[in-house]
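Per-entry structural report
The lines below spell out each chain.
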Amino acid sequence: DHDYPRLLADLYSGVIDVAFVQSGWLEANRPEALNDFNYIHRIYPTFENEPYPFITSTEVVPTFGVSAAPDIPWSLRENVVSALKKIDGTQSFFNSTQIVRFTGPASYEYVRTVASDLGLLQRAADGTFFCPSSFYELVHCPAGYLKGSEAQVMGSCTAKNRSCPDGLACLCTPCIQLHDLTLEAIGLNGSRILCSK
């Protein structure tokens, strides 16, 4: 359901600076574009000593999925999942199938980890996950860069006389590169500490 061709066009035209695409999409649809981009957190996983053939930023988890037809009631789906989770491999009828257990899709955990590391997803005290309440909170700068004030970040495109297409939120250079500098921190007791970068 993702409009990856539009994301790619927006990257080339400079409308956006970063995009997330499903692993394997570029290779299948735009192989000529593979060398056109810088990849964030690119990893090279292997499975059974075979390298994963696509560009990815998340671990590859071999699993078999269980799905339900759209007309199956949600309560029945929940009951099936609950029953499958109770299987622990000790039941005699699973000896011939070599099934040990059923779990939730492990690959979601890696996506959640990446989103959490990037600050796109946060965990509440009750264990549930949520997205930050403001667009400004989603901005996380890499090492060596500092996020500007909310006014600077949210007005960064206007300050550069760049327009934002309707329905999109745009940022233009929200992070400021730090050059060699010295910061002086003054403690509550008046002590001074110099920090250099």
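My aim in this report is to walk through the structure given alongside it, one point at a time. Bear in mind that the values here come from a model prediction, so they are computed numbers and not experimental data.

On to the side chain of aspartate 10. For aspartate 10, the location among the structural elements is in helix H1 (residues 4-13). Here aspartate 10 is in contact with Val15 and Ile16, once residues within four sequence places are set aside.

With that out of the way, let us pick up the packing of aromatic side chains. For the coordinates displayed, the defined rule picks out two aromatic pairs. Between tyrosine 12 and phenylalanine 37, the aromatic rings sit 5.4 Å apart at their centres with planes inclined by 45°, giving tilted as the arrangement. Taken together, the residues tyrosine 12 in helix H1 and phenylalanine 37 in the loop between helix H2 (25-29) and strand E1 (46-47) connect sequence positions 25 residues apart. Residue classification places tyrosine 12 among the partly exposed residues on the basis of a relative accessible area of 47%. Directly above the ring of tyrosine 39 sits arginine 42, whose terminal nitrogen or CZ lies 5.4 Å from the centroid. Positioned above the aromatic ring of tyrosine 136, the side-chain terminus of lysine 147 is 4.0 Å from the ring centre.

Along the chain, leucine 146 turns up in strand E5 (residues 145-147). Classification of leucine 146 as partly exposed rests on a relative accessible area of 48%. For leucine 146 and leucine 178, which are 32 residues apart along the polypeptide, the C-alpha to C-alpha distance reads 6.8 Å. When near neighbours in sequence (up to four residues on either side) are disregarded, leucine 146 contacts Cys141, Pro174, Cys175, Ile176 and Leu178.

Cut-offs and rules
- Residues numbered from 1 in each chain as written.
- Predicted model: local features only at pLDDT ≥ 70, side-chain atom pairs only at ≥ 80, totals over all residues.
- Heavy atoms only, no water.
- Helix = DSSP H or I, 4+ residues; strand = E, 2+ residues; numbered from the N terminus.
- Contact = heavy atoms within 4.5 Å.
- Phe/Tyr/Trp six-rings, centres within 6.5 Å; stacked < 30°, edge-to-face > 60°.
- Buried < 20%, exposed > 50% of the residue type's maximum accessible area, 1.4 Å probe, protein only.
- Lys NZ or Arg CZ within 6 Å of the ring centre and 35° of its normal.

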